[in-house]
Protein chains: 2
Amino acid sequence: MSDLRERALELDAADELASVRAEFVLDDVVYLDGNSLGALPVNVPGAVEDVVRRQWGELRIRSWTESGWWTAPERIGDRIAPLLGAAAGQVVVGDSTSVNVFKALVGAVRLAPEGRDEILVDAATFPTDGYIAESAARMTGCTVRAVDPGAVPGALGPRTAAVLLNQVDYRTGRLHDLPALTAAVRAAGAVSVWDLCHSAGALEVGLDEHGVDLAVGCTYKFLNGGPGSPAYLYVRAEHQDRFDSPLPGWNSHAEPFGMRSAYEPADGAVRGRVGTPDILSMLALDAALDVWSRPDVSVAAVRAKSLALTDFFLECVGSYVPEGRVGVVTPAAHAERGSQVALRCADAGEVMGRLIAAGVVGDFRAPDVLRFGFTPLYLGFAEVERAARVLAGELS
Amino acid sequence: MSDLRERALELDAADELASVRAEFVLDDVVYLDGNSLGALPVNVPGAVEDVVRRQWGELRIRSWTESGWWTAPERIGDRIAPLLGAAAGQVVVGDSTSVNVFKALVGAVRLAPEGRDEILVDAATFPTDGYIAESAARMTGCTVRAVDPGAVPGALGPRTAAVLLNQVDYRTGRLHDLPALTAAVRAAGAVSVWDLCHSAGALEVGLDEHGVDLAVGCTYKFLNGGPGSPAYLYVRAEHQDRFDSPLPGWNSHAEPFGMRSAYEPADGAVRGRVGTPDILSMLALDAALDVWSRPDVSVAAVRAKSLALTDFFLECVGSYVPEGRVGVVTPAAHAERGSQVALRCADAGEVMGRLIAAGVVGDFRAPDVLRFGFTPLYLGFAEVERAARVLAGELS
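Along every chain, residues carry numbers that run from 1 in the direction the sequence is written. In the order they appear in the text, chains get letters beginning with A and ligands get numbers beginning with 1. Where local features are concerned, this predicted model is filtered to residues with pLDDT of at least 70; where side-chain atom pairs are given and counted, the filter is 80 or more; whole-chain, interface and lining totals use all residues. As a convention, hydrogens and water are excluded, and side-chain values are obtained from all of the structure's heavy atoms.

Student: What is the right way to look at the overall build of chain A in this model?
Tutor: Numbering of helices and strands starts at the N terminus; helices are DSSP runs of H or I of at least 4 residues and strands are runs of E of at least 2. Along its length, chain A carries 13 helices and 13 strands. In this description the radius of gyration comes from C-alpha coordinates, and the expected globular size is given by 2.2 Å times residues to the power 0.38. Computed over its C-alpha atoms, the radius of gyration of chain A comes to 22 Å, within 12% of the 21 Å expected for a compact globule of 396 residues. On the principal axes, the C-alpha backbone points of chain A span a range of 70 × 55 × 35 Å. Taken over 396 residues, chain A has a buried fraction of 65%. Here a residue-residue contact requires only that any non-hydrogen atoms of the pair lie within 4.5 Å. In chain A, 72% of the contacts between residues at least 6 apart in sequence involve partners at least 24 apart. Per-residue accessibility, obtained with a 1.4 Å probe over protein chains only, is compared with the maximum for each type, and a residue is labelled buried under 20%, exposed over 50%, and partly exposed between these values.

So this is what it looks like as structure tokens:
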């Protein structure tokens, strides 16, 4: 047995999160795509069956109150909040990430001091954030300027209304400095909006501590909520009274069943709601969040294992893959690394196809990136070593 | 046995849709709230279980292509289209009704001739449409004017950009004249947006035939898609090239996996998509639509039975309930009646509470309306007679 294989077994034996793997449905595939769609938690099928057969099928309309459907968006928001470093009452679940980016950015511009008309957007952002930012800008009389996150402090100025950044870059896996960037945005009198899609559930976020104004994120990656499970919106408590949503649907009304023709926004996180929530997807997510209630599961423990997994993967790749065959895109420094490793090679699309056929599932991001996500809740070190070994075989 | 009970049994025996009831999970409750949340179709639990256990649990990320998740919004849109009188390629499923009202209204203003700055909105609309219309107006430099649907022709003018109307009023059950009103809007050079929440799946809509420009609707009422199942957006084929969505998420991009920083909208109905679709809720809806593939089920047959059910209910109420105890809000004329009956009485909230306790489920709409929905796919005449009889008991 090679040294790295032995090391992997030792690391697995010492892994305090190893038993959490049993909470997920897995097989022989090495699943390194949990940063795109998390694996199925074992308790979700039963929970969904109860929602469908009993709550919908038997109680029908009564479930809006008796099964807690009506308040699910804010109740589940409060379950996600601790994973983001947020106190209760600031997170609400519902709609897609794109729709929440729109709410957050328009809301941010409306929170910004009068007369400011520029939105700064992470130049390497996942595309939807940029598209939605353009629309939000167009509809609020602003313009969008794309900037590298590292260049944000220098780009801030008296015209800056809002700044939209990703905590972890979806393509490179680079972790940006949320505390410092948020502080810079605040110091410039602008409003920060963070996209947490690739960080929440994988590492510390610290929304409250670091003074983040608004944030959004999806729940189907590291939170394992299932395909297209609803996204969430964080509105800092101090801003909630002034948060002015561009999508003031009836679910955000102070008295939704008053059926009033005049809109009066609800207080608190509920103000971020829009229309009727998608209950099946939302309650699958609710069940998926149960794993975070285990005493051995914490964001700190997950982050520590995430770094150990990506360190070990990079070490295995360095050892197995012929030098120069791939470039490592993800930063080596822990402070700059999310929970994914991106490798660059010209034939990345074909390589990923062969890799998937060989039972190692990552994904390809055009034009030349092999992307591997590391989900500490269910991934082991022996799998990581195997992934690197299979990858090396496909690359040679 | 009373005459009406005998009549009910005869009507049930002659009902050509009677056997469709077996496609739904029902019990002894008389469920007259299918216009709020449709009953569970018997095939849905198995379909959802397959989505969760096999498509998500086993195939995981592969299901975006192999299980057809990626194209589900337009594929399911094409299944709904015939129920709306629309040819394929014009309906896309996703997001809530409120979010789709925003897309449609902003899109409508952008389709309207330059310089028009007024949006007319049904004065009795379901509140969310009015709230969202205010936001769409504010963000496009328009103003909103509330008008009674019957007064729309007289209110149209050279400033009218768009007109948002409900085909069936959610409170009164009144059916508005979609063909005539659409023609008037078109003749005035404005853009029509119809909300079909309370009509689709219960009666003929005829979007293509009558020249409707844009339409939205939910799928959890007469389409039985389940709690919070995704809504849909219809964009008339001739407008699709110029449809300019205020929510241009990556799912509406011409090449979504190109990960381009510049937005380029897709052609066709796909342009109405936004972010990642909520697959669990969407595929529950997909299964729920199967009933419309039965050879005996058609919108025409459903409409004929709907009118027979509401006629019979009104007859039973007239016979059983003491004169003057309730007022009938829903129009008597078939051409003006949707698939619901609304009765007015001062103590409607308490009456509905007692009625539900007695096994007849309708709903209460503030301040004084008892609302009863009639879903022809699973409701029988004996149930209707029983509902009226129990209601009379609770009212005396």
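So, next bit.
Student: Would you mind going over the pattern of salt bridges with me for this structure?
Tutor: The rule for a salt bridge is simple: a side-chain nitrogen of Lys or Arg has to be within 4 Å of a carboxyl oxygen of Asp or Glu. Under the counting rule described, the total for this entry stands at 62 salt bridges over all chains. A salt bridge links R354 of chain A to E394 of chain A; its shortest N-O distance comes to 3.2 Å. Taken together, the positions of R354 of chain A in helix α12 (residues 348–357) and E394 of chain A in helix α13 (residues 381–395) put the pair 40 residues apart, joining distant regions of the chain. Notably, a salt bridge pairs D286 of chain B with R75 of chain B, separated by 3.0 Å at the nearest N-O pair. Note that D286 of chain B is positioned in helix α10 (residues 279–288) and R75 of chain B in helix α4 (residues 72–80), a separation of 211 residues in sequence. Through salt bridges with shared partners, a single network forms among R75, R79, D286 and D290 of chain A.

Student: In this structure, what is going on with the packing of helix α11 (residues 299–320) of chain A against α13 of chain A? I would like to understand it.
Tutor: The relative placement of two packed helices is expressed as an angle between their axes plus a distance between the axes. All names here are of chain A. Every angle, taken between N-to-C directions, lies between 0 and 180 degrees, and every axis is a line fitted to C-alpha atoms, over only the stretch in contact when it is a helix. Where α11 meets α13, the closest approach of the two axes is 9 Å, and the angle between their N-to-C directions is 30°. Relative to α13, α11 is oriented roughly parallel. As α11 packs across α13, the resulting crossing turns out to be right-handed. In contact with K305, A308, L309, F312, F313, C316, V317 and Y320 of α11, α13 contributes F381, V384, E385, A387, A388, R389, L391 and A392. Taken together, the residues that form the contact of α11 with α13 break down as 13 nonpolar, no polar and 3 charged. Should an angle fall under 35 degrees it is called roughly parallel, over 145 degrees roughly antiparallel, and 65 to 115 degrees roughly perpendicular, with every other angle called oblique. Take the far helix as your reference; a near helix turned counterclockwise from it by less than a right angle gives a left-handed crossing, and one turned clockwise gives a right-handed crossing. Gly counts as polar in this scheme, as do all residues outside two lists: the nonpolar Ala, Val, Leu, Ile, Met, Phe, Trp, Tyr, Cys and Pro, and the charged Asp, Glu, Lys and Arg.

Student: Please explain the sheet that holds strand β13 (residues 369–373) of chain A as it appears in this structure.
Tutor: Strand pairing in a sheet relies on backbone hydrogen bonds. The paired strands run either parallel or antiparallel. Residues and elements named next belong to chain A. Sheet architecture is open: 4 strands sit in the order β9-β10-β13-β12, paired in antiparallel fashion. Edge positions in the sheet fall to β9 (327–328) and β12 (363–365), since each has one partner strand and no second. Pairing geometry for β12 and β13, over 3 bridges, is antiparallel. Looking at the pairing, D363 lines up with R371 of β13. Running at roughly 25° to strand β10 (residues 340–344), α11 makes contact with β9, β10 and β13 of the sheet. Note on pairing: two strands pair once DSSP finds at least 2 bridges between them.

Student: Looking at this structure, how should I read the interface of chain A and chain B?
Tutor: One frequent convention defines the size of an interface as the accessible area lost when the parts assemble. Each partner contributes residues to the interface: chain A has 74 residues there, and chain B has 74 residues. By buried area we mean how much accessible surface two parts lose on assembly, using a 1.4 Å probe and totalling the loss over both. For the chain A and chain B pair, buried surface summed over both sides reaches about 5900 Å², with 67% attributable to carbon and sulfur atoms. Area buried by chain A at its contact with chain B is led by W56, R60 and Y131 of chain A, which between them contribute 15% of it. Between the two partners, chain A and chain B, sit 4 salt bridges. Close ionic contact of D244 of chain A with R138 of chain B constitutes a salt bridge, the shortest N to O distance being 2.6 Å.

Student: Please clarify how the domain arrangement of chain A should be interpreted in this entry.
Tutor: Residue and element names in this part refer to chain A. Taken domain by domain, chain A consists of domain 1 (3–42 + 296–395) and domain 2 (47–293). If you average the C-alpha positions of domain 1 and of domain 2, the two centres end up 28 Å apart. At the interface, 37 residues of domain 1 touch 23 residues of domain 2. Between domain 1 and domain 2, the buried area comes to about 2300 Å², and carbon and sulfur atoms account for 61% of it. Taken together, the connections running from domain 1 to domain 2 amount to 1 salt bridge. A salt bridge links R174 to E336, with the nearest nitrogen and oxygen atoms 3.0 Å apart. Polar contacts here mean pairs of N or O atoms no more than 3.5 Å apart (in protein, one a potential hydrogen donor and the other a potential acceptor; neighbouring residues in sequence count only if both atoms are side-chain atoms). On the surface where domain 1 and domain 2 come into contact, there are 10 residue pairs in polar contact (both at pLDDT 80 or more). Only α11, β10 and β13 provide two or more residues apiece to the side of domain 1 that touches domain 2. Domains are outlined according to an automatic or database domain assignment.

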